[in-house]
Amino acid sequence: MAGFVALWQLRSFFRHLAATITHAFGAKGRGKVLRCVKMRDMGNSGTIVVAQFEVTPDDGSPAFVDQETLNLGEQGLKKIVAGNTLLVRFDSAREHVYPQAPLTLV
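As the structure is a computational prediction, the values presented were derived from the model and not from experiment.

Q: So what exactly am I meant to see when it comes to a nonpolar patch on the surface here?
A: On the surface, Leu7, Leu10, Phe13, Phe14, Leu17, Ile21 and Phe25 cluster together to form a nonpolar patch covering roughly 750 Å² of accessible area. Looking at where Leu10 falls in the secondary structure, it is placed in helix α1 (residues 2–25). Looking at Leu10, the relative accessible area reads 44%, which means it is partly exposed.

The following block contains the structure:
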C-alpha cells in the first residue's frame, strides 16, 4: 500500500513539474479565447473556469484549438472573455496551453 501511495505522489509531482516547465519555457503564441465558462467560485481562492483557445504559434506553424481548466482571480476573469487574445505558452505536443502571467492582452 505504501508503495502505491509513493508512486501516486511521484506521478503527481512529475505532472506538475511538466506543467511548470511548459509555463516557464514552452513555445510562445497568441491564444484567442473562443469560449469561457465559469465552473465554480472558490471564494478568496479564485474562480475555476474552462476556456477554449485558438492558438496561433509565433513560429508560423499551423494554428490549433485547445481547452484548459484555469483558476483565475477577479482581474483574470475580466481578461478571459470570448474574442480577447492573450499571450500564451504551450507544450510541444500541443496538449496544454497556459496563459502567460500576468495575463497580457494583445
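Q: I keep staring at the environment of Asp66 and nothing clicks. Help me out?
A: Looking at the element boundaries, Asp66 is found in strand β3 (residues 64–72). The spacing of Asp66 and Glu95 is 29 residues in sequence and 6.9 Å in space, taken between C-alpha atoms. Sequence-distant contacts of Asp66, defined by excluding residues within four places in its chain, comprise Ala51, Gln52, Phe53, Glu95, His96 and Val97. Among the polar contacts made by the side chain of Asp66, one reaches the main-chain amide nitrogen of Val97 at a distance of 3.3 Å.

Q: For this particular structure, what's the right way to read the pattern of salt bridges?
A: Two side chains carrying opposite charge are able to pair once their charged atoms lie near each other. According to the stated counting rule, one finds 1 salt bridge in the structure shown. We note a salt bridge from Glu74 to Lys78, for which the minimum N-O separation is 4.0 Å. Taken together, the residues span about one helical turn, with Glu74 and Lys78 both in helix α2 (residues 74–79) at a distance of 4 residues. The exposure class of Glu74 is exposed, given its relative accessible area of 58%.

The rules behind the values
Residues numbered from 1 in each chain as written. Predicted model: local features only at pLDDT ≥ 70, side-chain atom pairs only at ≥ 80, totals over all residues. Heavy atoms only, no water. Patch = residues over 30% accessible without salt bridge, like charges linked within 9 Å, V, L, I, M, F, W, Y side chains within 5 Å. Areas by Shrake-Rupley, 256 points an atom, 1.4 Å probe, with all protein chains shown as cover. Salt bridge = Lys/Arg side-chain N within 4 Å of Asp/Glu carboxyl O. Helix = DSSP H or I, 4+ residues; strand = E, 2+ residues; numbered from the N terminus. Buried < 20%, exposed > 50% of the residue type's maximum accessible area, 1.4 Å probe, protein only. Contact = heavy atoms within 4.5 Å. Polar contact = N/O pair within 3.5 Å; in protein donor to acceptor, adjacent residues only side chain to side chain.

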